[in-house]
Every structure is written in structure tokens, then in C-alpha cells.
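Take a look at the letters that make up each chain.
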Amino acid sequence: MKPPKTPDIKDYIPQDIPVIGPVEDSHLGLSVPEIIFTHGDKKKVLPFIPHIITKMLRSIYQVKRSYKSLEENRTLDKKELTPEIKEGLEKLVMELGVSQIGYTKVPRNFIFSNKVLLYDVAIVLTMAMRKSELKQAPSVATSKEVWRAYAELGSIVNRISAYLRDQGYAAQAGPALGGEVNYCLLAQKAGLGQIGHHGLLISKDCGPSQRIAAVFTNITNLVPTDNAEHHWITEFCENCRRCERTCPSRAIYHEKKSFKDGSIECIDFRRCAISFSESLGCSVCIKECTFFNGDYHKIKDSFYKNR
């Protein structure tokens with residue numbers, strides 16, 4: 001059984017268009033369907049397919065739509081965002097159900113080795129997943145919620161990109177499924193949270209229960225939201241490790257792997273794919289995370305009090 005084909009940006013842009021590529025040490029980027037069907041248990045995938053296939057195909061459709069719309073950028077040359085349009089952008093983002101928005105410059109080592117970008121300014125977005133469904137992990141309800149978030153956030157970044165183009169600005173939608181860059185690293189750099197021991201972004205409002213996407217542009221006056229507000233989470237996670245102890249596949253490394261470019265790897269994605277494929281959305285590490293079950297501010301206060 002082959003995975004649904006995930007579109008590739010290189011199939012949608014002319015070879016003469018300038019692109020921003022990865023660095024020599026960048027990591028390979030694989031879409032969720034590719035990981036599931038390549039490294040997961042195919043027999044255990046099958047019973048869950050009917051429950052999520054519509055949302056999976058919708059997610060892939062949003063990726064394809066994001067690439068097909070790139071041709072609309074050809075005649076757009078505005079580079080500075082007016083206060084009125086920025087206000088309209090942020091209002092639209094919240095109306096569409098986004099939890100957080102941040103702005104940052106994309107380091108080339110965040111770009112996957114098999115991907116390229118057209119623009120290196122990122123509007124980073126997170127969207128909460130529903131806790132009631134995630135509390136049932138692993139389950140059909142959880143998998144449906146995971147794929148709902150992929151599909152809806154994919155639609156959202158396409159709508160935001162369309163809004164920017166309507167105002168005269170070039171944009172490249174980066175849907176939550178797949179993507180050209182490491183979204184967790186990008187969201188962390190943009191000050192939206194900190195990567196936890198399980199390799200997921202932990203934010204104030206959502207803990208680890210969110211999906212991440214981005215819109216890339218060449219707008220020159222978006223002020224980066226980069227900050228170190230959440231760095232304490234790294235030390236907290238080192239002392240907690242509940243996700244590591246409860247992972248069904250034992251996929252979370254006890255000691256993170258470090259690379260030359262300064263990036264880290266928190267999980268063995270091949271092992272993770274086994275549990276993910278058994279329910280098409282495992283999410284046990286989210287359900288068991290201290291930040292999923294507690295209040296961010298109370299956890300932070302207790303952490304500093306007990307140091």
C-alpha cells in the first residue's frame with residue numbers, strides 16, 4: 001500500500017525562479033503520510049483510514065493549492081506592510097481560529113535538505129487542538145482531531161496568503177502537513193514557545209497540543225518577535241521526562257542527538273511512526289505532558305520557586 005502522494009514545490013515553480021535552499025547539513029524533510037506508510041505498521045494503519053481519509057486528502061489538497069497559487073506572485077512587488085494592512089492581517093488571523101502569530105527570519109539550516117523557499121520572512125502560526133479528543137489518545141477521536149487540525153490550518157495559511165496577495169504582497173503558504181522547514185524550530189525562534197523533551201513546541205496557551213504552519217513572504221518591515229521567554233522549559237523537561245517514560249514506542253531519546261549546525265533531534269521518528277500508524281495520530285506524548293495537564297504559569301512559578 002503506497003502513501004497518498006504529497007505535492008512537491010519543485011514541480012510547481014520554473015527552474016529560473018530564484019529560490020532559497022538549505023545548507024549542507026540540513027536534515028531531510030518527510031511528510032506525515034510518508035513517515036507513516038514507510039516506517040509504520042501498514043496492517044494497523046488500514047482500520048483507521050476510513051475515519052481520517054477525507055481529512056488527510058483535504059490536507060494534501062491544501063498543500064497542492066498552496067503551490068499552484070505561487071504563480072500569482074509574479075506581478076506583486078510591494079515590500080513594506082502598512083499599519084492598516086498589518087492590523088487587517090492580524091485580525092483575519094484571529095478570526096480564522098489561530099492561537100498565536102509571530103514573525104521571524106528563516107535560517108537556512110531550518111530548511112529541509114530536499115526543499116526550497118521562495119522567501120525567508122516567516123509569519124508563524126499555531127492552532128490549538130481540542131483537549132477533549134486528545135485526552136482519549138490513542139483513539140479514533142484523537143486521530144480525527146489531529147487530521148482536522150492539519151486540514152484546517154492548511155486552509156488558513158492559504159487564505160492568509162490570498163489576503164496578502166490581494167493587497168499586493170508576494171506570499172508562499174506553508175501548510176501544517178509536510179512543509180519546507182522545521183516548524184517547531186521556527187515557532188521557537190519566533191518566540192511562540194519552547195521545544196520540549198518530546199520534540200514538540202510547548203506554548204503558554206496550548207502546552208504541546210497545537211499544530212504549526214507558516215506564511216513566507218519578502219515583506220521587509222515585519223518586526224521579529226524572537227525572544228527567550230520560554231527557555232526555562234528546557235530545564236524543566238530535563239527533570240520531568242514523563243513523555244519519555246510513557247511513550248508506547250520508546251521513541252523519545254533519553255539524551256538528545258546534537259548536530260553540527262546546532263540543531264537537536266529529540267525522537268526516533270521511525271519508532272514514533274509505529275505508534276502513530278497504529279491509530280494515525282498517537283498523541284500519547286501530548287496527553288501525558290505536564291504542560292497539557294497543568295497551567296503554564298503555575299508550572300513556571302513552581303519551577304522557579306523550587307530551583
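Along each chain, residues carry numbers from 1 onward, in the same order as the chain's sequence is written. Local features are withheld for residues below a pLDDT of 70 in this predicted model, meaning they are given only at 70 or higher, and side-chain atom pairs are given and counted only at 80 or more; totals for whole chains, interfaces and linings count all residues. Where side-chain values are given, they derive from all heavy atoms of the structure, hydrogens and water being excluded.

### Structural notes on the overall build of the chain
Only runs of H or I of at least four residues qualify as helices and only runs of E of at least two qualify as strands under DSSP, and these elements are numbered from the N terminus. The secondary structure content of the chain amounts to 13 helices and 8 strands. Relative to the 2.2 N^0.38 estimate, which gives 19 Å for 307 residues, the radius of gyration of the chain is 19 Å and therefore close to what a compact globule would have. C-alpha atoms of the chain, sized along the principal axes, occupy 55 × 50 × 40 Å. A separation threshold of at least 6 residues defines the contact pool for the chain, and within that pool the share at least 24 residues apart is 78%. Taken over C-alpha atoms, the radius of gyration is set against a globule rule of 2.2 Å times the number of residues to the power 0.38. By the convention used here, residues are in contact when the closest approach between their heavy atoms is within 4.5 Å.

### So, empty space enclosed by the protein
In this approach, a probe sized like a water molecule rolls over the atoms, and the result shows the empty space that is left. With a 1 Å grid laid over protein atoms only, a set of points is called a cavity when a 1.4 Å probe fits there but cannot get out and a pocket when it is open yet has protein on both sides within 12 Å along at least five of seven lines; lining residues have an atom within 4 Å of a point. Grid points are joined across faces, edges and corners, and a volume is the space filled by probe spheres set on the points. Using the criterion set out here, one finds 2 cavities of 30 Å³ or more in the structure. Volume-wise, the largest cavity comes out at about 90 Å³. For the largest cavity, the lining is made up of 15 residues, of which Tyr-67, Lys-115, Leu-177, Gly-178 and Gly-179 are closest to its centre. Looking at the second largest cavity, its volume works out to about 70 Å³. Lining the second largest cavity, in full, are His-197, His-198, Phe-236, Cys-237, Cys-240, Arg-241, Arg-242, Cys-243, Glu-288, Cys-289, Thr-290 and Phe-291. If you list the elements that add at least two residues to the lining of the second largest cavity, you get α8 (232-240), α9 (242-246) and α12 (290-293). At 3 residues, α8 tops the list of elements feeding residues into the lining of the second largest cavity. Broken down by class, the residue content of the lining of the second largest cavity amounts to 6 nonpolar, 3 polar and 3 charged. Under the convention adopted here, Pro, Cys and the residues Ala, Val, Leu, Ile, Met, Phe, Trp and Tyr are nonpolar, Asp, Glu, Lys and Arg are charged, and Gly plus all remaining residues are polar.

### Some thoughts on the sheet that holds strand β6 (residues 210-217)
Two pairing modes exist for strands in a sheet, parallel and antiparallel, and in both the strands are linked by backbone hydrogen bonds. What the 4 strands build is an open sheet, ordered β1-β2-β6-β3; its pairing is antiparallel. Two strands bound the open sheet, and with one partner strand each, they are β1 (100-105) and β3 (171-174). Strand-to-strand, the axes of this sheet are offset by a mean angle of 20°, without reference to chain direction. Sheet analysis places strand β2 (residues 121-128) next to β6, joined by 8 bridges and oriented antiparallel. For Val-121, the partnering residue across the bridge sits in β6 and is Thr-217. In this fold helix α4 (residues 83-95) packs onto β1 and β2, with an angle of close to 130° to the strand it touches most, β1. In this scheme, strands are said to pair when DSSP sees at least two bridges between them. Axis angles are defined between N-to-C directions and span 0 to 180 degrees, where every axis is a line fitted to C-alpha atoms and, for a helix, only to the segment in contact.

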